[in-house]
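Remarks on the overall topology
The residues making up each chain are set out below.
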Amino acid sequence: ATAAAQTTSSGFVCPEPSPRMEVTSTEVNLFVWTEYIPQDMIDCFEMVYGIEVNRDEYSSNEEMYAKISAGGASYDLVQPTDYIVSLMIRQELLEKFDKSKLPNLENLDPNYLNLEFDPNNEYTLPYQAGTDAIVFNSDTVENPPASWADLWKPEYAGRMVFLDDSRAVIGLTLLTLGYDVNSTDPTQLEEAKNKLAELVPGIKIFDSDSPKTALIGGDADLGLTWTGEAFLAQQEVPAIDYVYPTEGAIVWQDTNAIPAGAPHLDAAYAWLNYTMQGDVFWLMLRDFPFTNPNLAALDYAKSNQMATVDLDGNETTLSAVYDAYINSPITNTPAEALQKGHRINDVGEALTLYDQIWTEVKGE
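The text that follows walks through the structure, step by step, so that each part is easy to find. All values reported here derive from a predicted model rather than from experimental measurement. Once a new chain begins, its residue numbering starts again from 1 and follows that chain's sequence as written. Whole-chain, interface and lining totals are the exception, using all residues; otherwise, since this is a predicted model, local features are given only for residues with pLDDT of at least 70 and side-chain atom pairs are given and counted only at 80 or more. For the side-chain quantities, the full set of heavy atoms in the structure was used; hydrogens and water were omitted.

Here the focus is the environment of Leu172. Checked against the element boundaries, Leu172 lands in helix α4 (residues 166–176). Taking the C-alpha atoms as reference points, Leu172 and Ala233, separated by 61 residues in sequence, lie 22 Å from one another. Per the convention used, a helix needs a DSSP run of H or I reaching at least four residues, while a strand needs a run of E reaching at least two, with both numbered from the N terminus.

Here it is as structure tokens:
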């Protein structure tokens, strides 16, 4: 192929695969989160390997799980979040990795490996990580909240946007009561339900699609959101701030995994290795600024003066994209916030109780 053939429509020059994998498949089927893979990454993989990328998308773990457990054997790659991984492993829905086919595994930060939901990363690799914490507008919020418990203050009622996420919202309520974020104790959950029922009337908007919209537009002054949304909101409105609550933030990680019975295993391994290259995965810093667990990508971006276009369409350099990321306590989570953080786990049978609480307090 000529050099010209290896450039995407946006002008991005595709790096060569390092190493290049042996592949006989002509396509790969991705089942992934909406708006979570840079188009340049997909275009380059297609060009350098001559493999067609087919993509289906989902917007919740529950939606993905339902489809895979119903027999999604036509998929080669899926992106489960930590708490659903253990369930999928238990139900034998994921393929065990052949680590000899993952040479670029060494690019990943050890802090995101060997976690309790998948010891020794037999089934998953870290993709992106982040936190759920408190966001507020310092221009409009006179007394900034410091803890989850502060969100119950009457002065905040009617001004808050929250993620429409039962586990996160019930979880933070449990934390204010001094309980475990993954409690399965019916008495504790009943107490959390009653406490949450006092908060919900003060929540103006529940939004997991784009919680930043209400913050940027001034329809909400504070609330609960994720890393990436808070960072993007702050780029638009510098007065927006992100606070790690004293009880501890909620910490999460999205992963890459291969569904059991994947039809194009060779292409799945080629995809994983190519996208894990530092000169490819840095695209996530530009397009989807969550917490990046790929050390090679961070190193590549750090001193690189290559011109690129940021999210607002302004030309910038790769190192400037890196600087914005690394200097932000939102995307570059402080070590102490990670240590104090709480990870949501699979609660087994108790999930029914969580669902009941959510339906009751939201009045749905």
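In this section: helix α14 (residues 351–362). Helix length check: α14, at 12 residues, gives a terminal C-alpha distance of 17 Å against a target of 16 Å (1.5 Å per residue), a fit within 8%. The set of residues buried in α14 consists of Tyr354, Ile357, Trp358, Val361 and Lys362. Down the axis, α14 shows its buried residues gathered within 105° of arc, on one side only. Working rule for contacts: check all heavy atoms of both residues, and any pair within 4.5 Å makes them a contact. In this structure, the buried residues of α14 make contact with α4, α5 (186–199) and β6 (203–206). A helix is expected to span 1.5 Å multiplied by its residue count minus one. Think of it in three bands: residues with accessible area under 20% of the maximum for their type are buried, residues over 50% are exposed, and the middle band is partly exposed, with areas taken using a 1.4 Å probe on protein chains only. Here the arc refers to the directions that run from the helix axis out to each C-beta atom.

The next subject is helix α8 (residues 265–275). Every α-helix carries 3.6 residues per turn, so stepping three or four residues along brings you back to the same face. Burial of α8 is extensive: 9 of the 11 residues sit out of reach of the surface. Looking only at α8, the buried set comprises Ala267, Ala268, Tyr269, Ala270, Trp271, Leu272, Asn273, Tyr274 and Thr275.

For the rest of this paragraph, the subject is the nonpolar core. To define a nonpolar core, start from buried Ala, Val, Leu, Ile, Met, Phe, Trp, Tyr and Cys residues and group those joined through side-chain atoms within 4.5 Å. Within the largest apolar cluster, 100 residues are counted, with the highest numbers of intra-cluster contacts made by Phe45, Leu151, Phe162, Trp271 and Leu272. A per-element tally of this core places α8 first, with 7 residues. In this structure, Ala133, Val135, Ala230 and Ala239 belong to the second largest nonpolar core, which totals 17 residues.

With a probe scaled to a water molecule rolled over the atoms, the places where space remains empty come into view. Estimates place the volume of the second largest pocket at around 420 Å³. Taken together, 23 residues line the second largest pocket, and the ones lying closest to its centre are Asp109, Asn111, Tyr112, Thr333 and Leu338. Put simply, the parts of the chain that give the lining of the second largest pocket at least two residues each are β4 (124–137), β9 (250–257), α11 (295–302), α12 (318–326), α13 (335–340) and β12 (342–343). The biggest single contributor to the lining of the second largest pocket is β9, with 3 residues. Both cavities and pockets are sets of points on a 1 Å grid over the protein atoms alone; in a cavity a 1.4 Å probe fits but cannot get out, in a pocket the set is open with protein on both sides within 12 Å along at least five of seven lines, and lining residues sit with an atom within 4 Å of a point. Grid points are joined across faces, edges and corners, and a volume is the space filled by probe spheres set on the points.

Let us look at unusual backbone geometry. Going from Ser18 to Pro19, the amide bond is cis rather than trans, its omega being -5°. Summarising the element assignment, Pro19 is placed in the segment before β1 (27–33). A positive phi angle, near 55°, is found at Asn114, a position not held by glycine. You can see Asn114 is positioned in the loop between α3 (82–90) and β4. The residue Asn120 is not glycine, and still its phi comes out positive at about 65°. Relative to the helices and strands, Asn120 resides in the loop between α3 and β4. Taking the relative accessible area as the measure of exposure, Asn120 reaches 44% and is therefore partly exposed.

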